[in-house]
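Residues per chain, in single letters:
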Amino acid sequence: MNALTVVRAGALTTVQDLGRPGHAHLGVGLSGALDRPAHLLANRLVGNPPECATLETTVDGVAVRPDRAVTAAVAGTPCAVRIDGRPAAWGAPVRVPAGAVLDVGAAAGGLRAYVAFGGGVAVPPLLGSRSRDLLSGLGPEPLADGAELPLGAPLGLSCGADAVPWPAPPVDGLVLPLVLGPRDDWFTPDAPRALAAGAYRVSPASNRIGLRTEGPALVRAPSCDGELPSEGMVLGAVQVPPDGLPVVFLADHPTTGGYPVIGVVPEAALAAAAQAVPGTPVRFVLVRG
């Protein structure tokens, strides 16, 4: 069997692909790569189709040893890449010899790197996806030292790229467009202005389920002092729990919830949220739906 052996699992490294859409009615969320553009780029660089599974690292990277020669690429947060201790390229295809250790280092500015291998990480799919969903527990367990992951057969030639435009991780501020509704009327009229004032920061409690914020609490309208019946939740929904601090729902979010959603961040803007480190200023910009 062609496989990767995990030499260093890192703080949280999971297998991710494009997720498992279409199962929300069963209580199963989308999941999948938080920084989807980075996942797509890593796959493109090694000649994989978009749906191939990659490794999503968090903060301190990962190290693996393939038992066959394989083409690999690292995208997402900038980080040091080494093969058997020798520097290798980030954001470009590299050849990893059989038995060599590919070491993806700590994030430099962002949070998450995506490591693609020719043929993809071929763990068994569940409901059409190889992604790990941290909320439901579906999919393969997060990587552990010594674990083995099967590799798929190479699917195509590495396309490479002369230049890859890539946004830097948000450092000075995370700007998120926000379409108000459906429950913005549950809050006082100045709540949208508070969101747009940029007084929030990314909380250390953020994870794949949601980007939590620290800052001024949003105040509910006096007429809305009860709780909503549970209703469907979408990717990018900005839910406001009783403490008044907005939570932006990310890939592993629950499919239903009973706290009011003041607005929704469009999916295209969520990749930046996946790379925002704790303490990053957050500002919501109101846009029309």
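Throughout what follows, the structure given in this document is the object of discussion.

Counting secondary structure elements, the protein chain contains three helices and 20 strands. Relative to the 2.2 N^0.38 estimate, which gives 19 Å for 289 residues, the radius of gyration of the protein chain is 20 Å and therefore close to what a compact globule would have. Burial analysis of the protein chain (289 residues in total) assigns 49% to the buried set. Sequence-distant contacts, at least 24 apart, represent 76% of the contacts inside the protein chain between residues at least 6 apart. Surface exposure of the protein chain reaches about 12200 Å², of which carbon and sulfur atoms provide 58%. Within the protein chain, one finds 20 positive and 24 negative side-chain charges whose respective centroids are separated by 5 Å.

This paragraph deals with unusual backbone geometry. Of the consecutive residues Gly-181 and Pro-182, the connecting peptide bond is found in the cis state with omega at 10°. Secondary-structure assignment places Pro-182 in the loop between strand 12 (174-180) and helix 2 (191-196). Although it is not a glycine, Leu-127 adopts a positive phi angle of roughly 55°. Residue Leu-127 is classed as partly exposed on the basis of its relative accessible area, which comes to 41%.

Another point: the pattern of salt bridges. According to the stated counting rule, one finds six salt bridges in the structure shown. Close ionic contact of Asp-252 with Arg-208 constitutes a salt bridge, the shortest N to O distance being 2.9 Å. Of this pair, Asp-252 sits in the loop between strand 17 (247-249) and strand 18 (256-257) while Arg-208 is found in the loop between strand 13 (200-202) and strand 14 (210-214), placing the two residues 44 residues apart along the sequence. For the residue pair Asp-252 and Arg-208, the accessibility class agrees, reading buried in each case.

Reading across from one edge, 7-6-9-4-1-11 is the order of the six strands in this open sheet, with antiparallel pairing throughout. Of all strands in the sheet, those bounded by a partner on one side alone are strand 7 (86-88) and strand 11 (148-150). Averaged over all neighbouring strand pairs, the angle between strand axes comes to 30°, with direction disregarded. For strand 6 (residues 81-83) and strand 7, the ladder comprises three bridges, and the chain directions are antiparallel. Opposite Arg-82, over in strand 7, you have Pro-87 as the bridge partner.

On the basis of which strands lie adjacent, the closed barrel formed by seven strands has the order 12-19-16-17-14-13-20 and mixed pairing. The mean angle between the axes of side-by-side strands here comes to 40°, regardless of whether they run parallel or antiparallel. When strand 12 meets strand 19 (residues 261-264), the two strands line up antiparallel, connected through two bridges. The residue of strand 19 that forms the bridge with Leu-180 is Gly-263.

With that settled, consider the nonpolar core. In terms of nonpolar packing, the biggest core is built from 39 residues, with Leu-211, Leu-218, Val-248, Ile-262, Val-265 and Phe-284 touching the most fellow members. Secondary structure elements with two or more residues in this core: helix 1 (36-46), strand 5 (70-76), strand 10 (113-117), strand 12, helix 2, strand 13, helix 3 (270-274) and strand 20 (281-287). Among the elements that take part in this core, helix 1 stands out by supplying five residues, more than any other. Discounting residues that sit within four places of it in the chain, Leu-211 has contacts with Leu-174, Val-202, Ser-206, Pro-246, Val-247, Val-248, Leu-250, Ala-273 and Ala-276.

This part covers the pairing of strand 19. Relative to strand 19, strand 16 (residues 237-239) runs antiparallel, the two sharing three bridges. Bridged to Ala-237 within strand 19 is Val-264.

Turning next to helix 1. Three- or four-residue spacings in an α-helix give side chains the same orientation, since the helix completes a turn every 3.6 residues. Burial in helix 1 covers these residues: Ala-38, His-39, Leu-41, Ala-42, Asn-43, Leu-45 and Val-46. Of the surrounding secondary structure, the elements contacted by the buried residues of helix 1 are strand 2 (14-16), strand 3 (54-56), strand 5 and strand 10. Of the residues one or two after helix 1, Gly-47 is the one with positive phi, at around 85°.

Further remarks concern the pairing of strand 12. Note: strand 12 against strand 20, six bridges, orientation parallel. Across the sheet, residue Val-179 finds its bridge partner in strand 20, namely Val-287.

In this fold, Arg-82 is placed in strand 6. Owing to a relative accessible area of 39%, Arg-82 belongs among the partly exposed residues under this scheme. For the pair formed by Arg-82 and Val-104, sequence separation is 22 residues and the distance between their alpha carbons is 6.7 Å. Arg-82 has contacts with Pro-87, Ala-88, Val-101, Leu-102 and Asp-103, leaving out every residue within four places of it along the chain.

Our next topic: the environment of Leu-270. Take Leu-270: it is sitting in helix 3. Distance in space between the C-alpha atoms of Leu-270 and Val-248 is 9.0 Å, their sequence separation being 22 residues. The contacts of Leu-270, once residues within four sequence positions are left out, are Leu-34, Leu-235, Gly-236, Val-248, Phe-249, Leu-250 and Val-265.

Analysis parameters
- Residues numbered from 1 in each chain as written.
- Predicted model: local features only at pLDDT ≥ 70, side-chain atom pairs only at ≥ 80, totals over all residues.
- Heavy atoms only, no water.
- Helix = DSSP H or I, 4+ residues; strand = E, 2+ residues; numbered from the N terminus.
- Rg over C-alpha atoms; globule rule 2.2 N^0.38 Å.
- Buried < 20%, exposed > 50% of the residue type's maximum accessible area, 1.4 Å probe, protein only.
- Contact = heavy atoms within 4.5 Å.
- Areas by Shrake-Rupley, 256 points an atom, 1.4 Å probe, with all protein chains shown as cover.
- Lys, Arg positive; Asp, Glu negative; His and termini not counted.
- Charge placed at Lys NZ, Arg CZ, Asp CG, Glu CD.
- Salt bridge = Lys/Arg side-chain N within 4 Å of Asp/Glu carboxyl O.
- Pairing = 2+ DSSP bridges.
- Axes fitted to C-alpha atoms, helices over the stretch in contact; angles between N-to-C directions.
- Core = buried A, V, L, I, M, F, W, Y, C linked by side-chain atoms within 4.5 Å.

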